[in-house]
Amino acid sequence: ILSDVIHFRLAPRYSEAHQWRLVSLRSSSKMNRISALVTPLLPSSCSVPTRRRYPGRANRYTKRLNLKPLTSRIVLLTRRRQLDQIVEEVEAAKKRYGRLNTIVMNSVLEACVHCGDVDLALRLFDEMAEPGGCGVDSITYAIILKGLGKARRIDEAFQMMESIEKGTALGNPKLSSALVYGLLDSLINAGDLRRANGLLARYGTLLLEQGGPSILIYNLLMKGYINSGSPQAAVVLLDEMLRLGLEPDRPTYNTLIHACIKCSDLDAAMKFLKEMKEKAEEYYDDSLRPDVITYTTLVKGFGDAKDLTSLQEVYLEMKLCDSLFIDRTAFTAVVDALLKCGSTSGALCVFGEILKRSGDDVELRPKPHLYMSMMRAFAVQGDYGMVRNLYLRLWPDSSGRISKAVQQEADNLLMEAALNSGQLDEALGILTSIVRRWKAIPWTTSGGMAAVRLEALLGFSKSILRPHILSKVIPGEPIESIMVPFEATRPLLGTLQLKNVVMRFYKEQAVPIVDDWGSCIGLLHREDCNNLDASLVSMMRSPPPCVSTTTSIGRVVDLVLEKKHKMVIVIHCCGNGYSSKAVGAFTRAQLYRLFEPEQKLLWWIKRAEMRSIDICSQAKPYESFIQ
């Protein structure tokens, strides 16, 4: 054995590493016996170098990246519709890890489609398909097709389908029924049945080759007829299915029940429910039994019809079904339906059951929508205590994101409940906090109407909106009675350069611009003056806001306040049309000069009150004389 070792060591045709690799093939028992002999015989320069391992210095390409947390994070942000945050975190991940894989990028594409940004999805698709990209697969194409269908960019979707069919698409994906069904579903959700039928006519042969007429096609078509406003046609498709020998499944019955509810035919909906249960018992097929979607659809239908008795029967049947799990969506639908039927006590009982069950199952914690529905119902009734309790428990007990609009509505409902319960001081305090927090309140909402009612009840003396009054004019008079002549506004010629008249805009916020014939062609605002060498006509806003000379003062005031116009041009009405010559102008500064200050307004109110007292005191002797 020792001679063999020396032979391998001295043979010129073997390299040093190869020699020792051949020696290591010897049996371990023999090598163990000679290890003590070989080691001293070999020189130190012939010793085999040992391979050292340094922890933490592995190549990043040899170490498999775990991108599952990033994918889960993208899915979570997609549900919240935070697309900007997704893009920011993905860019940070690219800088840290380098190129990401196709799974992560597909989740980013899904986020873009879900948030409605198809252009960003197409740009990311091009980056993935580039030679240095992560590559695309059939899932990538399915997501892009769905996004194009939702955005109603059907021509681009059909071009992509044709490129896949011809084999010229990047990544060489295979044309499958899944891609066709995905595009068909997006078309149907958009209500474009004409394109959906065209897609079936174009790729119907492919679908027939992969299993014949599919019940999925009819289910999608039924949903399309419902979305397009023709639920009756969805019911008619059932006869065609039966003629082709296709037996309806559970999604088919759910779609038919939904169509019947859209038609307000609740009897037909209950008939399909009975048929589902009978077929499930007859064929011993649990897949035909009504599920939570079936009952939720019926609950919404009876809620819209305000049929409280039928609603309670359906809800009782749901609770008695042992194999049925009532999820958060179903509970929310039951509460909304009970509130529509006017049963606030029943809704409160179901709401309490949700809170009780959510202690064991976090997935049952109610969404902010349910809290808002309850608060709306009790705010109308003036139950301020209940609304306040719901308001305080909205943040700690609800599940999901509470948007800014929900927060504003919650504050408004709290003020409305206080107002309806007669607590004016409490409502005034809430209104003060609303104005301080949100800086504005839309008058078209229920909260805005409550604020108007509160202002009317409190009067001008306690108003927080600093009211003003137009005591110098009559709102019904024409605007020409108070307008400024157009020549007094000193209009500027549009061909002038800004550097020649720049001092004019230090004094005035808006100046009318005229052409060579003296016709007003626009307004140039102070904030638009950004180039001294440019002409005025290139920076003006055209056309200017115009009113006729017969327009009432009140209408012009509303126009200035609503649209925030700094100047309104008054033109003369001539016959059936308007002349091209401006005759006057009305500015925002002129409007402010017409307002009476708040102190003078209070003086007018006190004076009116004193006059009413004097009239009443003078009327007392006449009343006694008549008595």
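Conventions and cut-offs
- Note on numbering: residues in each chain are counted from 1, in written sequence order.
- Selection of residues for local features in this predicted model requires a pLDDT of at least 70, selection of side-chain atom pairs for listing and counting requires 80 or more, and totals for whole chains, interfaces and linings are taken over all residues.
- With hydrogens and water set aside, each side-chain value is computed from the structure's full complement of heavy atoms.
- UniProt positions are given in the numbering used here, feature names are shortened, and annotations may be inferred rather than shown by experiment.
- Only DSSP runs of H or I covering at least 4 residues are called helices, and only runs of E covering at least 2 are called strands; the numbering of each starts at the N terminus.
- Multiplying 1.5 Å by the residue count of a helix minus one yields the expected span of that helix.
- Three exposure classes are used, based on accessible area relative to the maximum for each residue type with a 1.4 Å probe and protein chains only: buried under 20%, partly exposed in between, and exposed over 50%.
- Taking the helix axis as origin, the arc is that swept by the directions to the C-beta atoms.
- By the convention used here, residues are in contact when the closest approach between their heavy atoms is within 4.5 Å.
- Salt bridges, as used here, are contacts in which a Lys or Arg side-chain nitrogen is within 4 Å of a carboxyl oxygen on Asp or Glu.
- Any two strands with at least two DSSP-identified bridges between them are counted as paired.
- Think of a polar contact as two N or O atoms within 3.5 Å of one another; within protein, one of them needs to be a possible hydrogen donor and the other a possible acceptor, and neighboring residues in sequence only count if both atoms come from side chains.
- Side-chain rings of Phe, Tyr and Trp (the six-membered ring for Trp) are treated as a pair once their centres are within 6.5 Å; stacked means planes under 30 degrees apart, edge-to-face means over 60, and tilted covers the remaining angles.
- Whether a charge sits over a ring comes down to the Lys NZ or Arg CZ being within 6 Å of the ring centre and within 35 degrees of the ring normal.
- Every axis corresponds to a line fitted to the C-alpha atoms, with the helix fit spanning only the stretch in contact, and the corresponding angles, defined between N-to-C directions, vary from 0 to 180 degrees.
- In this scheme, roughly parallel covers angles under 35 degrees and roughly antiparallel covers those over 145, while 65 to 115 is roughly perpendicular and the rest are oblique.
- Residue polarity follows a fixed list, in which Ala, Val, Leu, Ile, Met, Phe, Trp, Tyr, Cys and Pro are nonpolar, Asp, Glu, Lys and Arg are charged, and the others, Gly among them, are polar.
- Grouping buried Ala, Val, Leu, Ile, Met, Phe, Trp, Tyr and Cys residues that are joined through side-chain atoms within 4.5 Å yields what is termed a nonpolar core.

1. Description of the UniProt feature "repeat: PPR" (unreviewed entry) in the chain
Taking the UniProt record as the reference, the feature "repeat: PPR" (unreviewed entry) is found at residues 101-135, 137-167, 214-248 and 249-279. The straight-line gap between the two end C-alpha atoms of residues 101-135 is 8 Å; of that span, 74% is helix and 0% is strand.

2. Some words on helix 15 (residues 266-283)
Helix length check: helix 15 (18 residues) gives 26 Å between terminal C-alpha atoms against 26 Å at 1.5 Å per residue, within 8%. All buried positions along helix 15 are accounted for by Leu 266, Ala 268, Ala 269, Phe 272, Leu 273, Met 276, Lys 279 and Ala 280. The buried residues of helix 15 occupy an angular sector of 165° when projected down its axis, which confines them to one face. Among the exposed residues of helix 15, those oriented more than 90 degrees off its buried face are Asp 267, Lys 271, Lys 274 and Glu 282. Where helix 15 is buried, its residues touch helix 13 (231-243), helix 14 (250-262) and helix 16 (292-304).

3. Concerning helix 14
Along an α-helix, residues three or four apart share an orientation, since each turn contains 3.6 residues. An ideal rise of 1.5 Å per residue puts 18 Å on 13 residues; helix 14 measures up with 18 Å between its terminal C-alpha atoms. Burial in helix 14 covers these residues: Thr 252, Tyr 253, Asn 254, Thr 255, Leu 256, Ile 257, Ala 259, Cys 260 and Ile 261. Looking at the packing, one finds that the buried side of helix 14 touches helix 12 (215-227), helix 13, helix 15 and helix 16. The first or second residue beyond helix 14 is Ser 264, which carries a positive phi of 60°.

4. With respect to the pattern of salt bridges
What the rule picks out here adds up to 26 salt bridges. Where Lys 277 meets Glu 317, a salt bridge forms, and the shortest distance between an N and an O atom there is 3.0 Å. Remark: Glu 317 occurs in helix 17 (residues 308-320) and Lys 277 occurs in helix 15; sequence separation between them is 40 residues. Taking the relative accessible area as the measure of exposure, Glu 317 reaches 26% and is therefore partly exposed. Put simply, Glu 527, Asp 528, Arg 541 and Lys 566 are held in one network by salt bridges that share partners.

5. Observations concerning the pairing of strand 3 (residues 510-514)
Along strand 3, five of the five residues are buried, which leaves the element largely enclosed by surrounding structure. Across the two faces of strand 3 the burial is the same, with Ala 510, Pro 512 and Val 514 and Val 511 and Ile 513 all buried. When strand 2 (residues 492-493) meets strand 3, the two strands line up parallel, connected through two bridges. In the strand pairing of strand 3, Leu 492 is matched with Ile 513.

6. Notes on unusual backbone geometry
Located in the positive-phi region is Arg 81, a residue other than glycine, with phi close to 60°. Structurally, Arg 81 is set in the loop between helix 4 (68-79) and helix 5 (83-97). For Arg 81, a relative accessible area of 52% puts it in the exposed group. A positive phi angle, close to 60°, is found at Arg 152, a residue other than glycine. Take Arg 152: it is sitting in the loop between helix 8 (138-150) and helix 9 (154-166). Using a relative accessible area of 45% as the deciding quantity, one classes Arg 152 as partly exposed.

7. Focus on the side chain of His 525
Its place among the elements puts His 525 in strand 4 (residues 520-525). Polar side-chain contacts of His 525 include one of 3.5 Å to the side chain of Arg 541.

8. So, the side chain of Asn 254
Looking at the element boundaries, Asn 254 is found in helix 14. When near neighbours in sequence (up to four residues on either side) are disregarded, Asn 254 contacts Met 276, Asp 291, Ile 293 and Thr 294.

9. A word on the sheet that holds strand 3
As summarised here, the arrangement of the three strands in space is 2-3-4, forming an open sheet in which the pairing is mixed. For this open sheet the edge positions go to strand 2 and strand 4, each flanked by a neighbour on one side alone.

10. A look at the packing of aromatic side chains
The full count for this structure, using the stated rule, is three aromatic pairs. Ring centres of Tyr 253 and Phe 272 lie 6.4 Å apart, and the angle between their planes is 55°; on these two criteria the pair is classed as tilted. Of the two residues, Tyr 253 is situated in helix 14 and Phe 272 in helix 15; the sequence distance between them amounts to 19 residues. With respect to burial, Tyr 253 and Phe 272 carry one shared label: buried. One Lys or Arg, Arg 202, reaches over the ring of Tyr 203 and ends 4.8 Å from the middle of that ring.

11. Concerning the packing of helix 9 against helix 11 (residues 193-209)
It is at 12 Å that the axes of helix 9 and helix 11 come closest, and there the two elements cross at 10°. Compared by their axis directions, helix 9 and helix 11 come out roughly parallel. Taking contact as the criterion, the partners of Ile 154, Asp 155, Phe 158, Met 161, Glu 162 and Glu 165 in helix 9 are, on helix 11, Arg 195, Leu 199, Arg 202 and Tyr 203. Within the contact of helix 9 with helix 11, the residues separate by chemical class into five nonpolar, no polar and five charged.

12. A short note on the pairing of strand 4
Most of strand 4 is tucked away, with five of its six residues classed as buried. Linking two consecutive strands that pair antiparallel, namely strand 3 and strand 4, is a turn of five residues; a positive phi of about 85° is found at Gly 518 within it.

13. Notes on the nonpolar core
Counting 131 residues, the largest nonpolar core has Met 318 and Met 415 as its most contacted members. Aside from chain neighbours lying at most four places away, what touches Met 318 is Tyr 295, Val 299, Leu 324, Ile 326 and Ala 330. Formed by 15 residues, the second largest nonpolar core is a distinct cluster that contains Ile 482, Leu 559, Val 560 and Phe 586.

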